[in-house]
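Understanding the architecture of this molecule
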Amino acid sequence: GGEMRQWAGATQDVYSPIFVKNGDKFESVHIGSYPITSEKEAMEALEAALKAYDNGRGEWPTMSVSERIACMEHFIKKMLEKKTEIVNLLMYEIGKSLADSIKEFDRTVEYIYDTIDCLKDIDRNSSRFKIEQGIIGQIRRSPFGVVLCMGPFNYPLNETYTTLIPAILMGNTILFKPPKHGTLLHYPMLEAFKECFPKGVVNTIYGRGANVVPPLMQTGKINVLTLIGSSKVANDLKKMHPKLNRLRAVLGLDAKNAGIILKNADVELAVKECILGSLSFNGQRCTAIKIIWVHRSIAKKFLNRFTEELEKLKFGMPWETGVNLTPLPEPNKPAYLAECIADAKANGAEVINQGGGTTVNSFVYPAVLYPVNSKMKVYSEEQFGPIVPIVPFDDVEEPIQFIIDSSHGQQVSIFGSNPDQIAHLIDPLVNQVSRVNINAQCQRGPDTFPFTGRKDSAEGTLSVEDALRAFSIRTVVATKD
Ligand code: G3H
């Protein structure tokens with residue numbers, strides 16, 4: 001509601017995933033805290049968002065697009081002033097390397113500029129009148145109301161802003177809950193929300209999601225739920241809304257993207273792309289390749305080269321130059337990954353790289369598991385971490401069937417050198433997932449490309465243009481010619 005509140009209640013301590021030596025022990029560093037607010041504060045934030053929206057009569061939803069853009073340009077200026085602070089917090093709070101933290105920041109600023117340009121185009125089109133069948137119509141894009149916005153821990157700035165920014169720009173008012181791991185890095189921009197936008201346009205809520213989010217959904221006053229996170233959480237939250245037919249959802253959810261290495265693939269290229277695809281940011285990307293299918297005839301060669309290249313990856317602290325593998329921010333993750341490895345071993349796979357799965361504090365050395373089969377957790381669960389399950393196949397129908405049977409449908413990467421064979425596979429694959437990558441890793445960018453998923457992997461589409469559309473509805477002002 002445009003107020004900075006002092007918080008006297010309970011707080012949540014935030015510890016960095018980075019451990020430092022204290023005597024003969026390693027300890028994680030305390031880097032800050034955030035308020036554990038309650039349902040009461042969440043409701044007050046909702047009231048502030050509703051008041052600012054004022055059933056569509058508020059200052060923000062009725063402001064011209066060019067005025068809203070001016071506010072956003074001011075916001076970008078403030079953001080650029082805070083770059084160092086935000087980048088440092090990205091490193092310390094979620095363990096992302098300095099290079100990737102800078103990339104995340106720059107990509108976000110570029111995304112906002114692209115979104116502004118796109119909105120200008122949309123606005124130019126809206127200001128043209130259409131005359132058909134004796135009716136003159138102006139087709140506009142209007143806001144929905146209050147958007148509840150929650151981003152993920154792995155891209156806490158970038159992916160949060162890919163929904164927050166277009167939602168704001170389209171005239172909605174916002175309830176914004178930062179991710180549990182990745183809250184502090186939003187502090188530097190709180191003053192800017194207050195300074196750049198009218199009171200109540202952006203309201204930040206804290207505390208435990210399980211305590212503050214359900215009561216908000218149960219009011220039925222949230223018009224759009226946007227979440228980049230788990231399918232289960234998204235489904236549970238949606239069900240809490242008393243008028244489900246009135247709730248819009250823009251969701252980026254779980255994925256189990258497969259890499260398929262055909263027998264005629266360029267193994268060097270496939271290895272390079274699969275290393276990047278499966279292990280960038282320790283495999284903590286929704287777009288990561290989370291299972292690799294390799295033709296049995298080249299499996300040995302692929303595995304040898306994959307493990308050789310893996311050994312070249314540099315483990316280290318996020319600020320070290322050239323570091324690839326860094327500490328994991330989720331405290332429970334090492335135990336979960338160990339469980340996946342033990343389960344795979346019990347069902348016949350081996351960790352084929354030396355030291356695979358070794359855990360030291362919050363570091364987990366990647367484990368390459370082979371041969372993986374359908375009895376193992378890692379065959380179907382989204383590990384979201386540095387485990388690379390590899391499955392041998394004889395007939396390409398096997399990985400295709402895996403994709404068809406999967407409850408996920410985000411992306412696939414296919415590696416091969418026969419264009420006809422690949423062309424033949426594209427249609428069946430693109431009817432199962434939302435992006436087919438050929439001889440390239442899975443990824444979201446460029447951000448102007450549509451980003452979505454089928455089945456349980458997404459709802460709605462993100463990209464610069466699609467996101468502006470997702471947070472607005474086409475409306476018509478019409479009169480007789
Ligand atoms: O974690 C999910 C992100 O959308 C991944 O984005 O492919 O650019 O790393 P990325």
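Below: a short report on this structure. (Residues numbered from 1 in each chain as written. Predicted model: local features only at pLDDT ≥ 70, side-chain atom pairs only at ≥ 80, totals over all residues. Heavy atoms only, no water.)

1. What to know about the overall build of the protein
To keep it simple, the criterion reads: Secondary structure elements follow DSSP: runs of H or I no shorter than four residues count as helices, runs of E no shorter than two count as strands, and numbering proceeds from the N terminus. We compute the radius of gyration over the C-alpha atoms and compare it with the globule rule, which gives 2.2 Å times the number of residues raised to the power 0.38. When a residue's accessible area, from a 1.4 Å probe over protein chains only, is under 20% of the maximum for its type it is buried; when over 50% it is exposed; and in between it is partly exposed.
Secondary structure assignment for the protein yields 16 helices and 22 strands. Computed over its C-alpha atoms, the radius of gyration of the protein comes to 24 Å, within 12% of the 23 Å expected for a compact globule of 481 residues. Reported as C-alpha extents along the three principal axes, the dimensions of the protein are approximately 70 × 70 × 40 Å. Counting every position in the protein, which comprises 481 residues, the buried fraction comes to 56%.

2. Remarks on the site of the ligand
Operational definition: When at least one non-hydrogen atom of a residue lies within 4 Å of a molecule or strand, that residue is treated as near it. Polar contact is defined as a pair of N or O atoms within 3.5 Å, subject to the rule that within protein one atom must be able to donate a hydrogen and the other to accept it, and that residues adjacent in sequence are counted only when both atoms are side-chain atoms. Accessible areas in this description were obtained via Shrake-Rupley with a 1.4 Å probe; residue shielding takes into account the shown protein chains only.
As a structural note, the neighbourhood of the ligand is formed by R107, N154, Y155, E159, R285, C286, T287, Q443, R444 and F451. One nitrogen or oxygen atom from the side chain of N154 is found 2.7 Å from an oxygen atom belonging to the ligand. Contact between the ligand and R285: an oxygen atom at 2.7 Å from a side-chain N or O atom of the residue. Computed on the free molecule, the ligand has an accessible area of 310 Å², of which 96% lies beneath the protein chains in the complex.

3. What about the pattern of salt bridges?
Spelled out, the test is: For this analysis, a salt bridge means a side-chain nitrogen from Lys or Arg found within 4 Å of a carboxyl oxygen belonging to Asp or Glu.
For the structure on display, the rule yields 27 salt bridges. For K290, the salt bridge goes to E382, with nearest N and O atoms at 2.8 Å. Here the residue K290 occupies a position in strand 11 (residues 289-295), and E382 occupies one in the loop between helix 13 (377-380) and strand 16 (387-393), the gap between them amounting to 92 residues. Accessibility assignment for this pair places K290 and E382 in one class, buried. Here R305 ties to E308 by a salt bridge, and the two come within 2.6 Å at their closest N and O atoms. Of this pair, R305 and E308 both sit in helix 11 (residues 299-311), three residues apart, roughly one helical turn.

4. Remarks on helix 4 (residues 83-94)
Put simply, the rule is: Helix span is expected to be 1.5 Å times the residue number reduced by one. Whether two residues touch is decided by their heavy atoms; if any such pair falls within 4.5 Å, the residues are in contact.
Look at helix 4: 16 Å from first C-alpha to last across twelve residues, which is about the 16 Å you get at 1.5 Å a residue. Those residues of helix 4 lying buried are I86, V87, L89, L90, M91, E93 and I94. Among the structural elements, strand 1 (11-22), strand 2 (25-35) and helix 5 (98-126) are those in contact with the buried residues of helix 4. Where helix 4 terminates, the next one or two residues include G95, which has phi positive at roughly 75 degrees.

5. Brief notes about the sheet that holds strand 5 (residues 146-150)
Formally: Two strands form a pair only when DSSP identifies at least two bridges running between them. Each axis is a line fitted through C-alpha atoms, taken for helices only over the stretch in contact, and angles between the N-to-C directions span 0 to 180 degrees.
Read from one edge to the other, the open sheet built from six strands follows the order 7-6-5-8-9-21, with strand pairing classed as mixed. Of all the strands in the sheet, just strand 7 (202-204) and strand 21 (458-459) have a single pairing partner and so form its edges. In the sheet, strand 9 (residues 248-252) pairs with strand 21 via two bridges, with the strands oriented antiparallel. Within strand 21, the residue paired with L251 across the bridge is E459. Of the strands in this sheet, strand 5, strand 6 (173-177), strand 7 and strand 8 (224-228) touch helix 6 (residues 158-169), which is tilted by about 165 degrees from strand 6. With respect to the sheet, helix 9 (residues 231-240) is in contact with strand 5, strand 8, strand 9 and strand 21, its orientation differing from that of strand 8 by roughly 165 degrees.

6. Details of the packing of aromatic side chains
Aromatic ring pairs: the centre-centre distance and the angle between the two ring planes describe each pair. Inclusion rule: Note on aromatic pairs: the rings of Phe, Tyr and Trp (six-membered ring only in Trp) are paired at centre separations within 6.5 Å, and the planes decide the class, stacked below 30 degrees, edge-to-face beyond 60, tilted for the rest. Put simply, a charge is over a ring when the Lys NZ or the Arg CZ is close to the ring centre, within 6 Å, and near the line of the ring normal, within 35 degrees.
Applying the stated criterion across every chain, the model contains 14 aromatic pairs. Note on Y379 and F402: the rings are 5.1 Å apart at their centroids and 80 degrees apart in plane angle, and the pair reads as edge-to-face. Here the residue Y379 occupies a position in helix 13, and F402 occupies one in helix 14 (residues 397-405), the gap between them amounting to 23 residues. A residue is classified by how much of its surface remains accessible, and F402, at 8% relative accessible area, is buried. Note that R444 overlies the ring of F451, its terminal NZ or CZ placed 5.9 Å from the centroid.

7. Side note on helix 3 (residues 65-81)
The end-to-end C-alpha separation of helix 3 is 25 Å, in line with the 24 Å expected for 17 residues at 1.5 Å each. Burial in helix 3 covers these residues: V65, R68, I69, C71, M72, F75, I76, K78 and M79. Those residues of helix 3 that are buried are in contact with helix 2 (59-62), helix 4, helix 5, helix 6 and helix 7 (190-196).

8. A closer look at the environment of S463
Tracing the sequence through the fold places S463 in the loop between strand 21 and helix 16 (464-470). Sequence separation between S463 and L225 is 238 residues, and the spatial gap between their C-alpha atoms is 17 Å. Ignoring anything within four residues of it in the chain, the contact list for S463 reads Y111, D447, T448, F449, P450 and F451. A polar contact is formed between the side chain of S463 and the side chain of D466, at a distance of 2.8 Å.

9. Regarding the nonpolar core
We apply this condition: By convention a nonpolar core is built from buried Ala, Val, Leu, Ile, Met, Phe, Trp, Tyr and Cys residues, the set being connected through side-chain atoms within 4.5 Å.
Core analysis: the biggest nonpolar cluster contains 62 residues, and F75, Y161, I168, F193 and F197 have the highest contact counts within it. For this core, the leading source of residues is helix 5, giving eight residues. Apart from the residues lying within four places of it in its own chain, the contact partners of Y161 are F75, M79, T108, Y111, I112, P166, H186, M189 and F193. Membership of the second largest hydrophobic core comes to 32 residues, among which are A367, F393, V396 and V433.

10. A word on the packing of helix 3 against helix 5
Inclusion rule: In these notes the angle categories are as follows: under 35 degrees is roughly parallel, over 145 is roughly antiparallel, 65 to 115 is roughly perpendicular, and the rest is oblique. Only Asp, Glu, Lys and Arg are considered charged, only Ala, Val, Leu, Ile, Met, Phe, Trp, Tyr, Cys and Pro nonpolar, and every remaining residue, Gly among them, polar.
Their axes nearest at 11 Å, the elements helix 3 and helix 5 cross at an angle of 170 degrees. When the axes of helix 3 and helix 5 are compared, the pair comes out roughly antiparallel. From helix 3, V65, I69, M72, E73, I76, M79 and L80 reach across to helix 5, where they touch F105, T108, V109, I112, Y113, I116, L119, K120 and D123. Looking at side-chain class alone, the contact of helix 3 with helix 5 contains twelve nonpolar, one polar and three charged residues.

11. Re the sheet that holds strand 11
The strand order 12-15-16-11-10-18-19 describes an open sheet built from seven strands, whose pairing is mixed. Single-partner strands in this sheet number two, and they are strand 12 (350-351) and strand 19 (435-438). In this sheet, strand 19 lies alongside strand 18 (residues 411-415) in parallel orientation, the contact comprising four bridges. Paired with V412 across the strands is V436, a residue of strand 19.

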